[in-house]
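Remarks on the overall topology
Read off the chains here:
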Amino acid sequence: MRTRTPLTCTVALVAASLLAAAGCAKNDSGRGGADAAPRTVKPVAGCGTGSWTDPADLAADRKPARCDKGAPAPQPLAKKRKITVATGTLSAEYVAPLQVAVAKGEFAKEGLDVELKVLPTPDALPLLAKGDVDAQWAAPEAAVMNGINGGFDIKWVAGNFSPDPTSKSGLWVRLKKGESAGHVDMAGRRMGTMIGKGSVIAYPMDTSLKKHGGGLDKISFQQLGSADVLTALQNGGVDSAWLLDPVWRKVDGDKRYAFLGGQPVGEPLGGLLFGPTLLTEAPDAGVALLRAYIRTVNTYFAGDYKSDPAFVTELAKLMKIDETTLRSTPSMRMDWEIRKGTTDRLQQAYSDAGVSEGKPPVPEEKAVDRAMYGEAVGHSL
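What counts and how
- Per chain, the residues get numbers from 1 upward, laid out in the order the sequence is written.
- Per-residue local features of the predicted model are confined to residues with pLDDT of at least 70, and side-chain atom pairs are confined, for both listing and counting, to 80 or more; whole-chain, interface and lining totals are unaffected and use all residues.
- Where side-chain values are given, they derive from all heavy atoms of the structure, hydrogens and water being excluded.
- By the criteria applied, helices consist of DSSP H or I runs no shorter than four residues and strands consist of E runs no shorter than two, each listed in order from the N terminus.
- The classification of residues rests on relative accessible area computed with a 1.4 Å probe and restricted to protein chains. Under 20% of the type maximum is buried, over 50% is exposed, and intermediate values are partly exposed.
- Contacts between residues were defined by any pair of non-hydrogen atoms, one from each residue, lying within 4.5 Å.
- A pair of sulfur atoms, both from cysteines and within 2.5 Å, is called a disulfide here.
- Think of a polar contact as two N or O atoms within 3.5 Å of one another; within protein, one of them needs to be a possible hydrogen donor and the other a possible acceptor, and neighboring residues in sequence only count if both atoms come from side chains.
- A score between 0 and 100, pLDDT records how confident the predictor is in each residue.
- The convention used is that axes are lines fitted to C-alpha atoms, helices contributing only their stretch in contact, and that angles between N-to-C directions extend from 0 to 180 degrees.
- Small angles under 35 degrees read as roughly parallel and large ones over 145 as roughly antiparallel, with 65 to 115 read as roughly perpendicular and the rest as oblique.
- Under the grouping applied here, Gly and all other residues not named as nonpolar or charged are polar, the nonpolar ones being Ala, Val, Leu, Ile, Met, Phe, Trp, Tyr, Cys and Pro and the charged ones Asp, Glu, Lys and Arg.
- To form a nonpolar core, buried Ala, Val, Leu, Ile, Met, Phe, Trp, Tyr and Cys residues must be joined to one another through side-chain atoms within 4.5 Å.
- DSSP bridges decide pairing: two strands pair if at least two such bridges lie between them.
- Definition used for salt bridges: Asp or Glu carboxyl oxygen within 4 Å of a side-chain nitrogen of Lys or Arg.

**Details of the overall build of the protein chain**
Summing up its helical and strand segments, the protein chain has 13 helices and twelve strands in all. The buried share among the 381 residues of the protein chain stands at 53%.

**Structural notes on helix H5 (residues 202-210)**
A large share of H5 lies buried, amounting to seven of its nine residues. Looking at H5, one finds that the buried residues are Ala202, Tyr203, Pro204, Met205, Asp206, Ser208 and Leu209. For H5, the elements touching its buried residues are strand E6 (170-174), strand E7 (190-193), strand E8 (220-223), strand E9 (240-243), strand E10 (257-262) and helix H11 (342-353).

**A word on the state of the cysteines**
For the structure shown, the criterion picks out one disulfide. Two residues, Cys47 and Cys67, share a disulfide whose sulfurs are 2.2 Å apart. Taking the sign of the S-S torsion, about 110° here, the bridge from Cys47 to Cys67 comes out right-handed. In this pair, Cys47 is assigned in the loop between helix H1 (6-22) and strand E1 (81-87) and Cys67 in the loop between H1 and E1, connecting sequence segments 20 residues apart. Overall, the relative accessible area of 10% leaves Cys47 in the buried class. For Cys67, a relative accessible area of 9% gives the class buried.

**Considerations on the side chain of Thr280**
Mapped onto the elements, Thr280 comes out in helix H7 (residues 276-281). A distance of 3.4 Å separates polar atoms of two side chains, one belonging to Thr280 and the other to Asp153.

**Focus: the confidence of the model for the protein chain**
Caution is warranted with low-pLDDT regions, since their predicted coordinates should not be read in detail. Looking at the protein chain as a whole, the pLDDT averages 88, with 89% of positions reaching at least 70. Considering only residues more than four positions removed or in separate chains, one finds that residues 1-35, a stretch of pLDDT under 50, has 54 contacts.

**Topic: the packing of helix H2 (residues 96-103) against helix H9 (residues 309-319)**
Packing of H2 against H9 leaves a shortest axis separation of 10 Å and a crossing angle of 95°. Relative to H9, the element H2 lies roughly perpendicular. Between H2 and H9, the residues in contact are Ala96, Gln99, Val100 and Ala103 and Phe311, Leu315, Leu318 and Met319, respectively. Tallied by class, the residues present in the contact of H2 with H9 amount to seven nonpolar, one polar and no charged.

**Examining the nonpolar core**
Across soluble globular proteins, you tend to see nonpolar side chains buried next to one another. Val85, Leu272, Phe274, Leu289, Tyr293, Phe301 and Leu315 are the most contacted members of the largest nonpolar core, which has 93 residues in total. Tallying contributions element by element places helix H8 (residues 283-300) first for this core, with nine residues. For Leu272, the contacting residues outside a window of four places in its chain are Val85, Ala135, Gln136, Trp137, Lys155, Trp156, Val157, Ala158, Leu290 and Tyr293. Core analysis: the second largest hydrophobic core is formed by twelve residues, Ala232, Ala241, Trp248 and Tyr257 among them.

**Focus on the side chain of Thr342**
Mapping Thr342 onto the fold places it in helix H11. At 3.4 Å, the side chain of Thr342 and the backbone oxygen of Arg339 are in polar contact.

**What about the sheet that holds E6?**
The five strands lie next to each other as E8-E7-E9-E6-E10, forming an open sheet whose pairing is mixed. Sheet topology places E8 and E10 at the edges, where each strand pairs with a single neighbour. Strand-to-strand twist in this sheet, taken as the mean axis angle between neighbours without regard to direction, amounts to 25°. Sheet analysis places E6 next to E9, joined by four bridges and oriented antiparallel. Counted as the bridge partner of Trp172 is Ala241 from E9. Strands E6, E7, E8, E9 and E10 of the sheet are contacted by H5, whose axis makes an angle of about 125° with E10.

**Considerations on unusual backbone geometry**
Across residues other than glycine, the phi torsion is negative in most instances, and most of the peptide bonds are trans. Residue Pro72 is bonded to the preceding Ala71 through a cis peptide linkage, with omega at -5°. Within the element layout of this structure, Pro72 appears in the loop between H1 and E1. For the peptide bond that leads from Asp245 to Pro246, omega is -10°, which places it in the cis range. Along the chain, Pro246 falls in the loop between E9 and E10. At Lys320, a position not held by glycine, the phi torsion is positive, near 60°.

**Structural notes on the pattern of salt bridges**
Under the counting rule described, the total for this entry stands at 21 salt bridges. A salt bridge links Glu179 to Arg189, with the nearest nitrogen and oxygen atoms 2.6 Å apart. Of this pair, Glu179 sits in the loop between E6 and E7 while Arg189 sits in the loop between E6 and E7, placing them ten residues apart in sequence. Judged by relative accessible area, which is 18%, Glu179 ranks as buried. For Arg189, a relative accessible area of 1% translates into the label buried.

**Digging into the sheet that holds strand E3 (residues 135-138)**
Here five strands make up an open sheet; going across it, the order is E2-E1-E3-E11-E4 and the pairing mixed. What marks the edges here is a single partner per strand, and that holds for strand E2 (112-118) and strand E4 (155-159). The mean angle between the axes of side-by-side strands here comes to 30°, regardless of whether they run parallel or antiparallel. By the bridge criterion, seven bridges tie E1 to E2 in an arrangement that is parallel. By the bridge assignment, Arg81 is partnered in E2 with Leu112. Packed on one face of the sheet, H2 meets E1, E2 and E3 and runs near 140° to E2.

Encoded structure:
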């Protein structure tokens, strides 16, 4: 019998909470259900052919979808609506589009009063499943997929970002004698990470490990706080670590360490998750939320947004982080689209990690809904 690790147990507990919440959630899926009326999709000014890309295109040089600046234009709801979006943090750069949308009044233009509420993912997911939280800025992690397998209605409805090709956010290792970046034996290593095996990072992590004789089943994990991961790598507490922006800058160029790989370029692994409220009860509000988010990306994050010093200063204040730190890494490729097969690849990694045992894979159509962001830019599936 396999011994459960603390990380595996954490995923199991979250999944159990979600399954319990499912009993309180509505069972009708609304969108995609047999009785769901098709929604009318109309052309959207400023959102042409470039506002949608083929989901099957996984090329690293794929240009993310874009509309004109200021598009899609607001379509205010008939009645103002309060929306609560849970997020694990407000200081990470990938959350910046939501913060800017609030600060610039983009949500308000749609008749939405949006509150960004900081909640750890394990706490927020059951609330999302029950409809007590409207949306979550997170990812289709193992607990989410296990919960969907249990029968409740949560879907991934929009992406967030993919890294700049020059970013080295990802797997770093302390080199042993005789090793180089091209020749590292990862089997048996101890990895420090703030992200457990049930996170979406398991997918790129597993890919990088397998290139170097490892795999999620061949290494041990030590879960650490965000401020402790780098320290543990530097003082020998762990011999590998998953370092995020901009932490990897601290070891970049140091010959004692090597970068082995990160998130796939061009493939977002997280973004907005909707629960039954925005999927079933108030889809107009769901589309309005996505429309404001997409408009914010097109207006403020369409390209190299860090080339604008004034905007970087504004971002640093919103995120409450050091401006120099923010400038030290390249701009992210903000991307609201979801690639084909991402949830399949994620679930394979969860299976490799042992956090989705006994569960058949969730079909993509049960976990992903591209129709709502398609509607926001005028694209019919």
